[in-house]
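Each chain is listed here by its residues.
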Amino acid sequence: LHYQPQVDVTTGAVVGAEALLRWHDPVLGDVSPARFIPVAEATGLILPLSDWVLETACTQIAAWVAMGTPVHVAINISAQQFGQRNLPDKVLSALERTGALAQWLGIEITESVAMTQPEQAREQLNALVGLGCSVALDDFGTGYSSLAYLKALPVSKLKIDQSFMKGIPLESNDVTIAKAIMALAHSLGLKVVAEGVET
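What you see is a predicted model; the values in this text were computed from it and never measured.

Novice: Looking at this model, I keep getting lost on the layout of surface pockets. Mind explaining?
Specialist: Taking a probe equal in size to a water molecule and rolling it over the atoms shows the remaining empty space. Roughly 160 Å³ of volume is contained in the second largest pocket. Every residue lining the second largest pocket is listed: Leu 21, Arg 22, Trp 23, Phe 36, Val 39, Ala 40, Leu 45 and Leu 49. Per-element tally for the lining of the second largest pocket: the top contributor is helix α1 (residues 33-43), with three residues. In terms of residue class, the lining of the second largest pocket is built from seven nonpolar, no polar and one charged.

Novice: Explain the nonpolar core here, please?
Specialist: In globular proteins that are soluble, nonpolar side chains generally tend to be buried together. One finds Ile 75, Leu 105, Leu 137 and Leu 158 to be the most contacted residues of the largest nonpolar core, which totals 45 residues. Looking at this core, the element that brings in the most residues is helix α2 (residues 46-66), giving seven residues. When residues no more than four places from it in sequence are discounted, the contact partners of Leu 158 are Leu 137, Phe 140, Leu 150, Ile 181, Ala 185, Leu 190, Lys 191, Val 192 and Val 193.

Novice: Got a minute to help me understand the pattern of salt bridges in this structure?
Specialist: Pairing between side chains of opposite charge can happen when their charged atoms approach one another. According to the stated counting rule, one finds eight salt bridges in the structure shown. Glu 123 serves as the salt-bridge partner of Arg 85, at 3.0 Å between the closest nitrogen and oxygen. With Arg 85 in the loop between α3 (79-82) and α4 (87-98) and Glu 123 in helix α6 (residues 118-131), this pair connects stretches of sequence that are 38 residues apart. Put simply, Glu 108 and Lys 159 hold a salt bridge, and the shortest N to O gap is 2.9 Å. Taken as a pair, Glu 108 in strand β6 (residues 105-110) and Lys 159 in strand β8 (residues 157-160) lie far apart in primary sequence, 51 residues in all. For Glu 108, a relative accessible area of 2% corresponds to the buried category.

Calculation criteria
- Residues numbered from 1 in each chain as written.
- Predicted model: local features only at pLDDT ≥ 70, side-chain atom pairs only at ≥ 80, totals over all residues.
- Heavy atoms only, no water.
- 1 Å grid on protein atoms, 1.4 Å probe; cavity = no way out; pocket = protein on both sides within 12 Å on 5 of 7 lines; lining within 4 Å.
- Points joined across faces, edges and corners; volume = space filled by probe spheres on them.
- Helix = DSSP H or I, 4+ residues; strand = E, 2+ residues; numbered from the N terminus.
- Nonpolar A, V, L, I, M, F, W, Y, C, P; charged D, E, K, R; others polar.
- Core = buried A, V, L, I, M, F, W, Y, C linked by side-chain atoms within 4.5 Å.
- Buried < 20%, exposed > 50% of the residue type's maximum accessible area, 1.4 Å probe, protein only.
- Contact = heavy atoms within 4.5 Å.
- Salt bridge = Lys/Arg side-chain N within 4 Å of Asp/Glu carboxyl O.

Purely geometric stuff here, so don't read any function into it on its own.
Put into structure tokens, the structure is as follows:
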């Protein structure tokens, strides 16, 4: 896992991190997640891989808290993992095994995963929030973008998809869409993360 920092644009402070799965092969070099994640999903390996990510991220959270430098860490939940009814139990078990506190763990799901089965999504996410985790809606603006579902789900953060960020500041449509998402999020009392901001 690599931990990509999330930085507050006002203060410059690191306010969290996203745990990202990376694979370096001695022969192939760096293998893109765009290449190995679909293979993991197609073969069913995504479930044990997702369990490993959860456990490893929780272990890191506990270590940072023990060092006196707590960091909120977000993990991505795959569609197959989210489809498991025992996901909240798995998260609770990982927290208990590692000694991590739920308040430092963020759960990220994409719009498309949340909207495929909205009732199950609400159940699962409410259970995870009940544990003390936070929930972020990833790739916002690229899926269904149903405002009704956004209102119904216990989401505390929206992540603006990087496809909208690439054109800023030159593409006026990207600027307008990003401003609209930020205004919507802030009016709902949600935090906003812009993806793909490397400079």
